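# Remarks on the overall topology
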Amino acid sequence: MEEIREIREIHELCERAVEMRAFSYTPYSHFRVGAALLTGSGKVYTGCNIESASFTPTICAERTAIFKAVSEGEKDFLAIAIAGGPEDGEIQYCPPCGVCRQVLAEWCSADFRIFLARSAEDYRSYTLDEIMPLRFGPENLR
Ligand code: THU
């Protein structure tokens, strides 16, 4: 029962990530990414990638979601679903960029889960430890 509830939660998270691609602002790359971040209290923060004519200020979907959450006082994160692909093509199993992995490492534990979603039910699951071993984090500065 517990497992079924969890799987449904994963499906919903993946679906939210796919839906968020509709809000991506991508006039330069035409590559749309959506993200949905699950907190320990069950709340979901969403994000999309937002590009800029001067390129550097472009922000990824994952960081949009994380910064929305942190700016509202949330720091306890369980999982993130990511859905990315070209606007006129299929959604890929889109891995988070290195900068977003570093930002995840600021707040997320080794077993934090990352779902690379192509749809609600088609996703690959990884832990933070798997996608970013030997990471530099807050503990290095203690
Ligand atoms: N992008 C993301 O939003 N997340 C990723 O994990 C990979 C890349 C965005 C940034 C940029 O708007 C576009 O995808 C192409 O790099």
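Here, every reference points to the structure presented above.
Predicted model, so just to flag it, every value in this text is computed and none were measured. (Residues numbered from 1 in each chain as written. Predicted model: local features only at pLDDT ≥ 70, side-chain atom pairs only at ≥ 80, totals over all residues. Heavy atoms only, no water.)

Counting residues in each nonpolar core, the largest one holds 21 residues, and the members touching the most others are L37, I80, F112, I114 and L128. If you list the elements that add at least two residues to this core, you get strand 1 (31-39), helix 2 (61-70), strand 3 (77-86), helix 3 (98-107), strand 4 (113-117) and helix 4 (128-131). Top element by residues in this core is helix 2. It accounts for four residues. Non-local contacts of I114, meaning those with residues more than four positions away in its chain, are made with I80, I82, P96, R124, S125, Y126, T127, L128 and I131. (Core = buried A, V, L, I, M, F, W, Y, C linked by side-chain atoms within 4.5 Å. Buried < 20%, exposed > 50% of the residue type's maximum accessible area, 1.4 Å probe, protein only. Helix = DSSP H or I, 4+ residues; strand = E, 2+ residues; numbered from the N terminus. Contact = heavy atoms within 4.5 Å.)

The next point concerns the site of the ligand. Inspection of the region around the ligand gives S29, F31, V33, N49, E51, T58, C60, A61, E62, P95, P96 and C97 as its neighbouring residues. Contacts to the ligand include E51, whose side-chain N or O atom sits 2.6 Å from an oxygen atom. When isolated, the ligand has an accessible area of 370 Å², and the protein chains bury 79% of it. A majority-of-atoms criterion places the ligand in the second largest pocket. Looking at the shell around the ligand, the elements with two or more residues in it are strand 1 and helix 2. For the shell around the ligand, the per-class residue count stands at seven nonpolar, three polar and two charged. (Near = heavy atom within 4 Å. Polar contact = N/O pair within 3.5 Å; in protein donor to acceptor, adjacent residues only side chain to side chain. Areas by Shrake-Rupley, 256 points an atom, 1.4 Å probe, with all protein chains shown as cover. 1 Å grid on protein atoms, 1.4 Å probe; cavity = no way out; pocket = protein on both sides within 12 Å on 5 of 7 lines; lining within 4 Å. Sits in = over half its atoms within 2 Å of the grid points. Nonpolar A, V, L, I, M, F, W, Y, C, P; charged D, E, K, R; others polar.)

This next bit is on the pairing of strand 4. Within strand 4, four of the five residues are buried, which leaves it mostly tucked inside the rest of the structure. Two strands pair when backbone bridges link them, and strand 3 and strand 4 are joined in this way by four bridges, in the parallel orientation. Note on strand 4: the bridge partner recorded for I82 is L116. Crossover connection from strand 3 via helix 3 to parallel strand 4: handedness right-handed. The sheet contact formed by strand 4 and strand 5 (residues 123-127) spans five bridges and is antiparallel. When the bridges of strand 5 are listed, F115 appears paired with S125. Connecting strand 4 to the antiparallel partner strand 5 that follows it, the hairpin turn spans five residues. (Pairing = 2+ DSSP bridges. Right-handed = clockwise from strand over helix to strand, strands pointing away.)

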